[in-house]
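Coordinate inspection notes
Chain residues, written in single-letter form:
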Amino acid sequence: MSQQASADAAESCRPGCGACCIAPSISSPIPGMPDGKPAGVRCVQLDEHNLCRLFGDPNRPTVCERFAFDSALCGEDRTQALQRIAMLECGTSS
């Protein structure tokens, strides 16, 4: 394993970040949001500590389950993660 791969493997989602539950649009139904959610809107399943209430629950949308920490996307902190995911959303929206 390369040094970069080792470093990335050692990094993981930052508890309390919640950027992936706010910045992107989600077209899949979410419990409490049957039509999904628009970009920039806080998911109703994100609790007051910015943790997903559906984590590990079979009702969690597949798109959410597949969203994984990536140091290039998530950056150094929550602010960078929100900005970078929002930029990606803008670049992929039609």
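Above this text is the structure in question.
Predicted model only: the values in this text are computed from it and were never measured.

Calculation rules
- Residues numbered from 1 in each chain as written.
- Predicted model: local features only at pLDDT ≥ 70, side-chain atom pairs only at ≥ 80, totals over all residues.
- Heavy atoms only, no water.
- Helix = DSSP H or I, 4+ residues; strand = E, 2+ residues; numbered from the N terminus.
- Buried < 20%, exposed > 50% of the residue type's maximum accessible area, 1.4 Å probe, protein only.
- Areas by Shrake-Rupley, 256 points an atom, 1.4 Å probe, with all protein chains shown as cover.
- Polar contact = N/O pair within 3.5 Å; in protein donor to acceptor, adjacent residues only side chain to side chain.
- Expected span 1.5 Å × (residues − 1).
- Arc of directions from axis to C-beta.
- Contact = heavy atoms within 4.5 Å.
- Disulfide = S-S within 2.5 Å.
- Core = buried A, V, L, I, M, F, W, Y, C linked by side-chain atoms within 4.5 Å.

The next subject is the overall build of the protein. When helices and strands are counted, the protein shows four helices and zero strands. Counting from the amino terminus, helix and strand elements in the protein follow one another as α-α-α-α. Across the 94 residues in the protein, those meeting the buried criterion constitute 29%. Accessible surface for the protein amounts to roughly 6,200 Å². Of this, 55% is attributable to carbon and sulfur atoms.

It is worth spelling out the environment of D57 at this point. Turning to its location among the elements, D57 is positioned in the loop between α1 (3-10) and α2 (62-66). Take D57: its relative accessible area is 26%, and that puts it in the partly exposed class. Here N59 takes part through its backbone nitrogen, which lies 2.6 Å from a polar atom of the side chain of D57.

In this section: helix α4 (residues 78-92). Across its 15 residues, α4 extends 21 Å between first and last C-alpha, which sits within 8% of the 21 Å expected from 1.5 Å per residue. Buried residues of α4: A81, I85 and E89, and no others. Seen from one end, α4 has its buried residues packed into an arc of 65°, which puts them on one side. Residues of α4 that are exposed and angled more than 90 degrees away from the buried face: M87, C90 and G91. The secondary structure elements touched by the buried residues of α4 are α3 (71-74).

Moving on, we get to the side chain of Q45. When you line up the elements, Q45 lands in the loop between α1 and α2. Within polar-contact distance, the side chain of Q45 engages the backbone oxygen of P31 at 2.7 Å. Among residues more than four places away in sequence, those in contact with Q45 are I30, P31, G32, L51, C52, R53 and L54.

The subject of this paragraph is the state of the cysteines. With the rule as written, the count across this model stands at zero disulfides. Here C20 is not disulfide-linked; the sulfur of C21 is the nearest cysteine sulfur, at 4.1 Å. C52 takes part in no disulfide bond, and the closest cysteine sulfur, belonging to C21, lies 5.4 Å away.

This brings us to the nonpolar core. C21, I22, I26, I30, M33, C43, L46, L54 and C64 form the largest nonpolar core, which has nine residues in total. Setting aside residues up to four positions removed in sequence, C21 forms contacts with K37, V41, R42, C43 and L46. Residues A19, L73, C74 and A81 belong to the second largest nonpolar core, which totals seven residues.

You can see R84 is positioned in helix α4. Judged by its relative accessible area of 32%, R84 falls in the partly exposed class. Apart from residues lying up to four places away in sequence, R84 is in contact with S71, A72, L73 and G75.

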